[in-house]
Amino acid sequence: MPAGNSVSTFNGVHYFAEGWKLVRLPGIRRYVIMPLLINIVLLGGAFIWLFQRLGQWIPALMSHIPDWLQWLSYLLWPLSVISIVLVFSYFFSTLANLIAAPFCGLLAEQLEGRLTGTPLPDSGWMAMVKDVPRIMKRELQKLGYYLPRALGLLLLHFIPGFGQTVAPVLWFLFSAWMLSVQYCDYPFDNHKVSFQQMRQALRQHKSANMQFGALVSLFTMIPIINLAILPVAVCGATAMWVDRYYAQHARR
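About the criteria used
Residues numbered from 1 in each chain as written. Predicted model: local features only at pLDDT ≥ 70, side-chain atom pairs only at ≥ 80, totals over all residues. Heavy atoms only, no water. Helix = DSSP H or I, 4+ residues; strand = E, 2+ residues; numbered from the N terminus. Buried < 20%, exposed > 50% of the residue type's maximum accessible area, 1.4 Å probe, protein only. Contact = heavy atoms within 4.5 Å. Areas by Shrake-Rupley, 256 points an atom, 1.4 Å probe, with all protein chains shown as cover. Expected span 1.5 Å × (residues − 1). Bend = angle between axes of the 7 residues up to and from the residue. UniProt positions renumbered as here; feature names shortened; annotations may be inferred. Salt bridge = Lys/Arg side-chain N within 4 Å of Asp/Glu carboxyl O. Phe/Tyr/Trp six-rings, centres within 6.5 Å; stacked < 30°, edge-to-face > 60°. Axes fitted to C-alpha atoms, helices over the stretch in contact; angles between N-to-C directions. Parallel < 35°, antiparallel > 145°, perpendicular 65-115°, else oblique. Left-handed = near helix turned anticlockwise from the far one by under 90°. Nonpolar A, V, L, I, M, F, W, Y, C, P; charged D, E, K, R; others polar. Arc of directions from axis to C-beta. Polar contact = N/O pair within 3.5 Å; in protein donor to acceptor, adjacent residues only side chain to side chain. Core = buried A, V, L, I, M, F, W, Y, C linked by side-chain atoms within 4.5 Å.

**Some points on the overall build of the protein**
Helix and strand content of the protein: 8 helices and 0 strands. Counting from the amino terminus, the protein carries its helices and strands in the arrangement α-α-α-α-α-α-α-α. By residue count, 52% of the 252 residues in the protein fall in the buried class. For the protein, long-range pairs separated by at least 24 residues make up 81% of all intrachain contacts whose partners lie at least 6 apart in sequence. About 11,600 Å² of surface is accessible on the protein, with carbon and sulfur atoms providing 69% of the total.

**Focus: helix H8 (residues 229-249)**
For H8, spanning 21 residues, the distance from its first C-alpha to its last is only 26 Å, which falls clearly below the expected 30 Å at 1.5 Å a residue. At Asp243, H8 shows its largest bend, some 50 degrees.

**As for the UniProt feature "transmembrane region" (unreviewed entry) in the protein**
In this structure's numbering, the residues bearing the UniProt feature "transmembrane region" (unreviewed entry) are residues 31-51, 71-92, 143-163 and 209-242. Summarising residues 31-51: 100% helix, 0% strand, and an end-to-end C-alpha distance of 31 Å. The span residues 209-242 shows a helical share of 76% and a strand share of 0%, and its end C-alpha atoms are spaced 14 Å apart.

**So, the pattern of salt bridges**
All chains considered together, the criterion is met by 6 salt bridges. Taking the shortest distance from any N to any O, the salt bridge between Asp189 and Arg134 comes out at 2.6 Å. Of the two residues, Asp189 is situated in helix H5 (residues 162-190) and Arg134 in helix H4 (residues 125-156); the sequence distance between them amounts to 55 residues. Here Asp185 and Lys142 are joined by a salt bridge, their closest N and O atoms 3.1 Å apart. Here the residue Asp185 occupies a position in helix H5, and Lys142 occupies one in helix H4, the gap between them amounting to 43 residues. Overall, the relative accessible area of 3% leaves Lys142 in the buried class. Look at the salt bridges and you will find they share partners, linking Arg134, Arg138, Glu139, Lys142, Asp185 and Asp189 into a network.

**Things to note about the packing of aromatic side chains**
Summed over the entire model, instances satisfying the criterion amount to 12 aromatic pairs. Between the aromatic rings of Phe10 and Tyr15, the centroid separation amounts to 6.2 Å while the plane-to-plane angle is 90 degrees, which identifies the pairing as edge-to-face. Residue Phe10 is classed as partly exposed on the basis of its relative accessible area of 37%. On the basis of relative accessible area, Tyr15 is assigned to the buried category, the value being 0%. Seen from their ring centres, Phe188 and Trp241 are 4.8 Å apart, and the 75 degrees between their planes marks the pair as edge-to-face. Placement of Phe188 in helix H5 and of Trp241 in helix H8 is noted, with a sequence separation of 53 residues between them. For Phe188, a relative accessible area of 0% corresponds to the buried category. Residue Trp241 is classed as buried on the basis of its relative accessible area, which comes to 0%. Ring pairs connect the aromatic residues Phe16, Trp20, Phe212 and Phe219, which therefore count as one cluster.

**Concerning the packing of helix H1 (residues 12-22) against helix H7 (residues 206-220)**
H7 packs onto H1 with a crossing angle of 50 degrees between their chain directions and a minimal axis gap of 7 Å. Of the possible angle classes, the one that applies to H1 and H7 is oblique. Both H1 and H7 take part in a crossing whose hand is right-handed. Seen from H1, the contacting residues are Gly12, Val13, Tyr15, Phe16 and Trp20; seen from H7, they are Ala208, Gln211, Phe212, Leu215, Val216 and Phe219. Here the contact of H1 with H7 is built from residues that sort into 9 nonpolar, 2 polar and no charged.

**Digging into H1**
Every α-helical turn comprises 3.6 residues, leaving residues that sit three or four positions apart pointing alike. Every buried residue of H1 is listed here: Gly12, Tyr15, Phe16, Glu18, Gly19 and Leu22. For H1, the angular spread of buried residues about the axis comes to 160 degrees, placing them on one side. Backbone nitrogen of Val13 and a side-chain oxygen of the N-cap are separated by 3.2 Å at the start of H1; the cap is Asn11.

**Thoughts on the nonpolar core**
Among the nonpolar cores identified, the biggest contains 69 residues, and Trp171, Tyr183, Phe188, Leu202, Phe212, Val216 and Val234 are the most heavily contacted of them. Looking at this core, the elements that each hand over two or more residues are H1, helix H2 (29-62), helix H3 (73-116), H4, H5, helix H6 (195-203), H7 and H8. For this core, the leading source of residues is H3, giving 15 residues. Excluding its chain neighbours within four sequence positions, the residues that come into contact with Phe188 are Arg138, Val193, Met198, Ala201, Leu202, Trp241, Tyr245 and His249.

Pasting the structure below:
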């Protein structure tokens, strides 16, 4: 994969598929271990707990639907399930990303060096340890961007009928964008590109980023497969960085 392509014809589906290949590269696999373990513990445990509670939550949620909308219950029931799983999967994947952020940054850094043949000047485990405060500050920036928007969508869900129909669709689109922001940010942050500049860069290729984020969101909802999604998404986003953003934003 050549570095610095001015225009890439690959879409987000390609980069998501690339992520599954790149996690298996010799020399990269050891950097996959920590993000993978953190994701297995957090997301795996969370989904086991969630599926034990869905039988209680869904009837309670459906009880808020007024009588005149009961005829829509056949549609609102699956949408409510999807909405809960979307919110839950995104929340716990965000928590896993927060904890695993230093290791995800290191994975992105090492993979970029492998793909471009040009390692970052301050790379490796010791550099990662020194960068932890800055990485955590960046994660809080992402959280501050996410929370007010997520709160608005959650409140929309409580509007009977309309909110429960529209909110799952809007939440899926929002999650797709946020997951693209989350994972693409690791290589951007490794090059000290500001959070605002990173978002502006992603908007220039919004279609590909939404495709990538939508697939990450979808696979995050699938039990078993979702346990491996964190390092896969980091690798796919890093491949996208190399193709689309490296030439303009890389720190030399």
